[in-house]
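The residues making up each chain are set out below.
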Amino acid sequence: MPDVRVRFAPSPTGPLHIGGVRTALFNYLYARRHGGRFILRIEDTDVARSMPEHEQDILSGLAWTGMTWDEGPEPGGGDRGPFGPYRQMQRRDRYRAAADRLLAADAAYPCFCTPEELDAERRRQEAARQAPRYSGRCARLTPADRLAFEREGRPAAVRFRVAERVVAFDDLVRGHVEIDAANLGGDFVILRADGTPLYHFTVVVDDADMAISDVIRGEEHLSNTPKHILLFEALGHHVPRFAHLPLILNADRTKMSKRRSQTALSAYMSEGFVREAMVNYLALLGWSTGTEEEILSLDELASRFDLDHVQKGGAVFDRERLEWVNGQWIRRLPVDEFVERLRPFLVRDREQGRIDRLPTDDELRSLAPVIQERLPRLGAVGDLIGFLFVDRVAADPAQLVPKRWDAATTLEALCGVREAVARHDEVTWEADELEPPLRELVAARGWKAGDLFMAIRVAVTGQTSAPPLFDTLVALGRARTLARLDAAIVALADRREGEAVEPVGHG
């Protein structure tokens, strides 16, 4: 295979989209599999919407995933690689020169149509129920006509002449594709009147300049490919191979969009999805290994990736599956790294007032065996163990009452629990010492263990879900466990005599 050079070319007009991350990933894996180069290019010609903060989000998001680009922009503003600049607005002279070549060859022409004239033409076509198409009026202007418009001071865009032919290519994912150029909407603008280049032109000039061998991008670009092939040929450049990846779909098989779905990579990072899981999941979103294996590192993915196993149909984004993969990777983290990655989320919980103090690293290491097996996301750590780091828990008296009990039974039970565990000092405050007397209490009163344990859990944590009960009591320690049981007993006892507490299901 000739030297492989692929690129990811996002626009900094919004946060880095997970669909974009998937595209970048497939390009990265393809390059690494074939010993090629992965290039990052910033397409920032949409001046009104391109923002420095969005470019930074792209650079930092890709870096977070572990993907490294061989050529492209540096976070500080410079470039790495021999084909720069890698930001399009710094390449405008290249687009102007390429446009001049097309004009000189009569493969393009100046278009003096005003926005009002184009709008009127579009409205006439809509009224006649015709597909939008440029009429070609400026394609037929004589040199004298053009000179007259120039003397009027009319600005001119540059339009590319679309040949009357069928454009055919062999897509590396979809096979042989043929599209009639008559369906491309007529001659299209490549430079606006102010000299700003448009996407179809810049992408071709840049891919040619940067010797891109394979264009791997989303299915939504499939209809653009004939325009790009025509431009490559008109400019005298080699046409790269094309591969169009399946769309990412919602569960109802509609296209994933930021209006209906969570699409920004930064949002998933903020929730505590780990980089290994995000890369692993996105790699399998439209591609398969051909085996039953699902949990693979970035290097393992790169050693196996090929375009032959990329599916043609849309790939459904399954949030539950992503959380499952994330949990698998969280459990694979060495304890010290797990603690280090948890720290930012606990700091955020402290800043938001969800916990009153930050745990020490030693505390987190001791808790790791309990919580690492249960976390779906790092950001859920506060929901799971935040009760350990608050000064007091205000248990809802109604929530304290299991669905099969009433308030009186719950009060009796918590008093019994308080008496049973108070006999243990800190030295014997271990799970295997605390469990037997509570099970004896259950047997003596004829209760269900699940009811008693739910009442205790709510009393000491303030929530209905937590790590295993006896591990929870050990983590809290004797003094805090007794204090929280006392507070729950007081909360129930303070209710007026005879007042019913509506049972709450704790499924």
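So, here's what we can say about the structure. Since we're looking at a predicted model, the values are computed, not measured. (Residues numbered from 1 in each chain as written. Predicted model: local features only at pLDDT ≥ 70, side-chain atom pairs only at ≥ 80, totals over all residues. Heavy atoms only, no water.)

### Notes on the overall build of the protein chain
Line of reasoning, step 1. Along its length, the protein chain carries 20 helices and 13 strands.
Line of reasoning, step 2. Expected size for 507 residues packed as a compact globule is a radius of gyration near 23 Å; at 32 Å, the protein chain overshoots this value by more than 25%.
Line of reasoning, step 3. Once the C-alpha set of the protein chain is aligned to its principal axes, its extents read approximately 105 × 50 × 40 Å.
Line of reasoning, step 4. In the protein chain, the share of contacts with a sequence separation of at least 24, taken over all contacts with a separation of at least 6, comes to 74%.
Line of reasoning, step 5. Accessible surface, the protein chain: about 23700 Å² in total, of which carbon and sulfur atoms supply 49%. (Helix = DSSP H or I, 4+ residues; strand = E, 2+ residues; numbered from the N terminus. Rg over C-alpha atoms; globule rule 2.2 N^0.38 Å. Contact = heavy atoms within 4.5 Å. Areas by Shrake-Rupley, 256 points an atom, 1.4 Å probe, with all protein chains shown as cover.)

### A word on the packing of helix α18 (residues 449–461) against helix α19 (residues 469–476)
Line of reasoning, step 1. Put simply, α18 and α19 touch, their axes get as near as 10 Å, and they point 30° apart. Taken together, the axes of α18 and α19 lie roughly parallel to each other. Crossing of α18 against α19: the hand is left-handed. Between α18, through F453, I456, R457, V460 and T461, and α19, the contact on the second element is made entirely by L469, F470, T472, L473 and L476.
Line of reasoning, step 2. Counted by class, the contact of α18 with α19 contains 7 nonpolar, 2 polar and 1 charged residues. (Axes fitted to C-alpha atoms, helices over the stretch in contact; angles between N-to-C directions. Parallel < 35°, antiparallel > 145°, perpendicular 65-115°, else oblique. Left-handed = near helix turned anticlockwise from the far one by under 90°. Nonpolar A, V, L, I, M, F, W, Y, C, P; charged D, E, K, R; others polar.)

### Some details on the sheet that holds strand β9 (residues 188–191)
Line of reasoning, step 1. Taking strand neighbours across the sheet as the criterion, the 3 strands line up as β5-β6-β9 in an open arrangement whose pairing is antiparallel. Edge positions in the open sheet fall to β5 (108–111) and β9, since each of these has one partner strand only. In this sheet, adjacent strand axes meet at a mean angle of 45° when their direction is disregarded.
Line of reasoning, step 2. Pairing analysis gives 4 bridges linking β5 to strand β6 (residues 157–160), with the strands arranged antiparallel. Residue pairing for β6: A108 is matched across the bridge by F160.
Line of reasoning, step 3. Where helix α3 (residues 92–104) meets the sheet, it contacts β5, β6 and β9, and its direction lies at approximately 130° from that of β9. (Pairing = 2+ DSSP bridges.)

### Things to note about α18
Line of reasoning, step 1. Under the 1.5 Å per step criterion, the end-to-end length of α18 is 18 Å for 13 residues, consistent within 8% with the ideal 18 Å.
Line of reasoning, step 2. Most of α18 sits out of view: 11 of its 13 residues are buried.
Line of reasoning, step 3. Of the positions making up α18, those classed as buried are D451, L452, F453, M454, A455, I456, R457, V458, A459, V460 and T461.
Line of reasoning, step 4. Positioned one or two residues after α18, G462 has a phi angle of 80°, which is positive. (Expected span 1.5 Å × (residues − 1). Buried < 20%, exposed > 50% of the residue type's maximum accessible area, 1.4 Å probe, protein only.)

### Re the side chain of H244
Line of reasoning, step 1. Among the structural elements, H244 can be located in strand β11 (residues 241–245).
Line of reasoning, step 2. For H244, a relative accessible area of 0% puts it in the buried group.
Line of reasoning, step 3. There is a polar contact of 3.0 Å between the side chain of H244 and the side chain of T225.
Line of reasoning, step 4. Look past the residues within four positions of H244 in its chain and what remains in contact with it is F169, D171, V173, R174, R217, G218, E219, H221, L222 and T225. (Polar contact = N/O pair within 3.5 Å; in protein donor to acceptor, adjacent residues only side chain to side chain.)

### Things to note about the side chain of R174
Line of reasoning, step 1. For R174, the location among the structural elements is in the loop between β7 (166–171) and β8 (175–180).
Line of reasoning, step 2. A polar contact of 3.3 Å, which involves the side chain of R174, links it to the backbone oxygen of K312.
Line of reasoning, step 3. Discounting residues that sit within four places of it in the chain, R174 has contacts with E219, L222, H244, L245, P246 and K312.

### Digging into the pattern of salt bridges
Pairs can form between side chains of opposite charge whenever their charged atoms are close.
Line of reasoning, step 1. Counting across every chain of the model gives 44 salt bridges.
Line of reasoning, step 2. For D106, the salt bridge identified is with R161, shortest N-O distance 3.1 Å. Taken as a pair, D106 in the loop between α3 and β5 and R161 in the loop between β6 and β7 lie far apart in primary sequence, 55 residues in all.
Line of reasoning, step 3. For R161, a relative accessible area of 24% gives the class partly exposed.
Line of reasoning, step 4. Notably, a salt bridge pairs E435 with R439, separated by 2.7 Å at the nearest N-O pair. Highlighted residues: E435 and R439, both in helix α17 (residues 431–445), separated by 4 residues, approximately one helical turn.
Line of reasoning, step 5. The exposure class of R439 is partly exposed, given its relative accessible area of 40%.
Line of reasoning, step 6. A network of salt bridges, in which partner residues are shared, links R7, R41, E43, R91, R94, D206, D207 and D209. (Salt bridge = Lys/Arg side-chain N within 4 Å of Asp/Glu carboxyl O.)

### Here's the deal with the packing of aromatic side chains
Line of reasoning, step 1. Going through the model one piece at a time under the given rule, you end up with 11 aromatic pairs.
Line of reasoning, step 2. Note on F169 and F242: the rings are 6.0 Å apart at their centroids and 65° apart in plane angle, and the pair reads as edge-to-face. Of this pair, F169 sits in strand β7 while F242 sits in strand β11; the two residues are 73 residues apart in sequence, bridging distant segments of the chain. For the residue pair F169 and F242, the accessibility class agrees, reading buried in each case.
Line of reasoning, step 3. Arranged with centres 5.2 Å apart and planes meeting at 45°, the rings of W287 and F305 form a pair that is tilted. Here W287 is found in the loop between α9 (275–283) and α10 (298–304), whereas its partner F305 is found in the loop between α10 and β13 (315–316), with 18 residues between them in sequence.
Line of reasoning, step 4. Through successive ring pairs, a cluster of aromatic residues spans Y268, F273, Y281 and F317.
Line of reasoning, step 5. A cation sits over an aromatic face here: R159 above Y134, 3.6 Å from the ring centre. (Phe/Tyr/Trp six-rings, centres within 6.5 Å; stacked < 30°, edge-to-face > 60°. Lys NZ or Arg CZ within 6 Å of the ring centre and 35° of its normal.)

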